[in-house]
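Tertiary structure, described
Residues per chain, in single letters:
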Amino acid sequence: MSTLQMCLVLSGLIFGIGLTAALARSSAVLVLLGIELMLNAANLNFIAFWRFGPAPETGTGVLFVLFAIAVAAAEAAVGLALVIALYRHQKSIRLQEATRLKG
Amino acid sequence: MNITLVILGTVTVVSGATALSLRNIVRSVLLLVVSWFGIAALFLWAGAEFAAFAQALVYGGAVSMVVLFAVLLTRRNHLDATVPPPPPGRLLGALIAGGAVAGIIAATVIRTPFELANDEAPSLPVRRLGTLLMGPQLAALLVAGVLLTAALLGAVVIAAGRKDDKEGAP
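Computed from a predicted model, the values in this text were never measured in an experiment. (Residues numbered from 1 in each chain as written. Chains lettered and ligands numbered in written order. Predicted model: local features only at pLDDT ≥ 70, side-chain atom pairs only at ≥ 80, totals over all residues. Heavy atoms only, no water.)

1. Quick word on the overall build of chain B
Formally: A run of H or I in DSSP becomes a helix once it reaches four residues, and a run of E becomes a strand once it reaches two; helices and strands are each numbered from the N terminus. Two things to know: the radius of gyration comes from C-alpha atoms, and the globule rule equals 2.2 Å times the number of residues to the power 0.38. Relative accessible area decides the class of each residue, using a 1.4 Å probe on protein chains only: under 20% of the type maximum gives buried, over 50% gives exposed, and in between gives partly exposed. Any two residues whose heavy atoms approach within 4.5 Å at even a single point are treated as in contact. Note on areas: these come from Shrake-Rupley sampling with a 1.4 Å probe, and a residue is covered only by the protein chains present in the view. By the counting scheme adopted, Arg and Lys are positive, Glu and Asp are negative, and His together with the chain ends is not counted. Taken as the charge centre is NZ of Lys, CZ of Arg, CG of Asp or CD of Glu, depending on the residue.
Secondary structure assignment for chain B yields six helices and zero strands. Mapped in sequence order, the helices and strands of chain B form the string α-α-α-α-α-α. Over its C-alpha atoms chain B spans a radius of gyration of 21 Å, topping by over 25% the 15 Å that the globule rule assigns to 170 residues. Taken along its principal axes, the extent of the C-alpha atoms in chain B is 60 × 45 × 25 Å. Within chain B, the fraction of its 170 residues that count as buried is 34%. Counting contacts in chain B only where the partners sit at least 6 residues apart, residues at least 24 apart contribute 58% of the total. When the accessible surface of chain B is summed, it comes to about 10300 Å², and 71% of that surface belongs to carbon and sulfur atoms. Computing the positive centroid from 11 side-chain charges and the negative centroid from 8, chain B places the two 11 Å apart.

2. With respect to the interface of chain B and chain A
Using the following cut-off: Defined here as a combined quantity, buried area equals the accessible surface (1.4 Å probe) lost by two parts on assembly, summed across both. Basic side-chain nitrogens of Lys or Arg form a salt bridge, by our definition, when they fall within 4 Å of a carboxyl oxygen of Asp or Glu. Pairs of N or O atoms are called polar contacts if they sit within 3.5 Å, as long as, within protein, a hydrogen donor faces a hydrogen acceptor (for residues adjacent in sequence, only side-chain-to-side-chain pairs).
Listed as interface residues are 87 residues of chain B and, on the opposing side, 75 residues of chain A. Together, the buried faces of chain B and chain A total about 6700 Å²; carbon and sulfur atoms form 76% of this surface. Applying the counting rule to chain B against chain A returns zero salt bridges. Linking chain B with chain A are eleven residue pairs in polar contact (both at pLDDT 80 or more), by the criterion used here. Of all the secondary structure elements, the ones that give two or more residues to the side of chain B that touches chain A are helix H1 (3-19), helix H2 (25-45), helix H3 (49-74), helix H4 (88-111), helix H5 (126-134) and helix H6 (138-160) of chain B.

3. Concerning unusual backbone geometry
Residue and element names in this part refer to chain A. For Lys91, which is not glycine, the phi torsion reads 55 degrees and is therefore positive. For Lys91, the position within the fold is in the segment after helix H3 (60-90). By relative accessible area, Lys91 is classed as partly exposed at 40%.

4. Description of the packing of helix H1 (residues 3-24) of chain A against H4 of chain B
So the rule is basically this: Simply put, an axis is a line fit to the C-alpha atoms, just over the touching stretch for a helix, and the angle between two N-to-C directions goes from 0 to 180 degrees. Should an angle fall under 35 degrees it is called roughly parallel, over 145 degrees roughly antiparallel, and 65 to 115 degrees roughly perpendicular, with every other angle called oblique. The handedness criterion is simple: a crossing whose near helix is rotated anticlockwise from the far helix by less than a right angle is left-handed, and one whose near helix is rotated clockwise is right-handed. Residue type decides the class: Asp, Glu, Lys and Arg count as charged, Ala, Val, Leu, Ile, Met, Phe, Trp, Tyr, Cys and Pro as nonpolar, and the leftover types, Gly among them, as polar.
Here H1 of chain A crosses H4 of chain B at 165 degrees, and the two axes come no closer than 8 Å. Taken as axis vectors, H1 of chain A and H4 of chain B run roughly antiparallel relative to one another. Crossing hand, H1 of chain A versus H4 of chain B: right-handed. For the pair formed by H1 of chain A and H4 of chain B, the contact residues are Gln5, Leu8, Val9, Gly12, Leu13, Phe15, Gly16, Leu19, Thr20, Leu23 and Ala24 of chain A on the first element and Arg90, Leu91, Ala94, Leu95, Ala97, Gly98, Val101, Ala102, Ile105, Ala106, Val109 and Ile110 of chain B on the second. Split into classes, the residues belonging to the contact of H1 of chain A with H4 of chain B amount to 17 nonpolar, five polar and one charged.

Here it is, written out as structure tokens:
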């Protein structure tokens, strides 16, 4: 197994952990953390392909990762604001109890 | 086999899996910071210094603190930051789904022959990165800035709520 394949398998494992957490846990914060871990796995893929790819001096992988980190930070801020709004409405952040679409 | 990659990957995967299976959310977040720093170390190993520092600052510094604040603002009482474990049926389904995705990715990757172009880690100086960001990628940089501003303003509006909201009213 080459080093690139090891990187890709590793990022697949991290993605699987994040997916499992996002599907299994009922706390909205933990679901959000699982999604963040999946985003990190995707970033690892970009860096791995940039590292072993043909033209690293163009820096495409690094640039994509920088923009992905910026979008992920915005997503975390909005997601946690939604968690706080959910808590204000139903005094709980369990997703099973968030059955009411109407605010 | 690359020893550094194996060690960093093991630390990242083990801390991430442990973090997301704990009952106490505060401990989960603190352990997940280890996992995020592990990913930053992997970026550093691959030669992407700027992305590694951005990852460490944004995730280890900013996102972890925001998540901790959200946990502290939304817990049931002052001493309790724990959540009940998932029911066995849902846990089993999630494990099957996550394991299937990871397994399919791993099997596909191992069977695919890749042609590696570089043996040594490439270096991308920050100066070159800055030139790229300020030159060909300028439009994307501006869009990212506008997106961040809009998202953070929206987050403040959503989290602050309305003044006439009655306490506990749906």
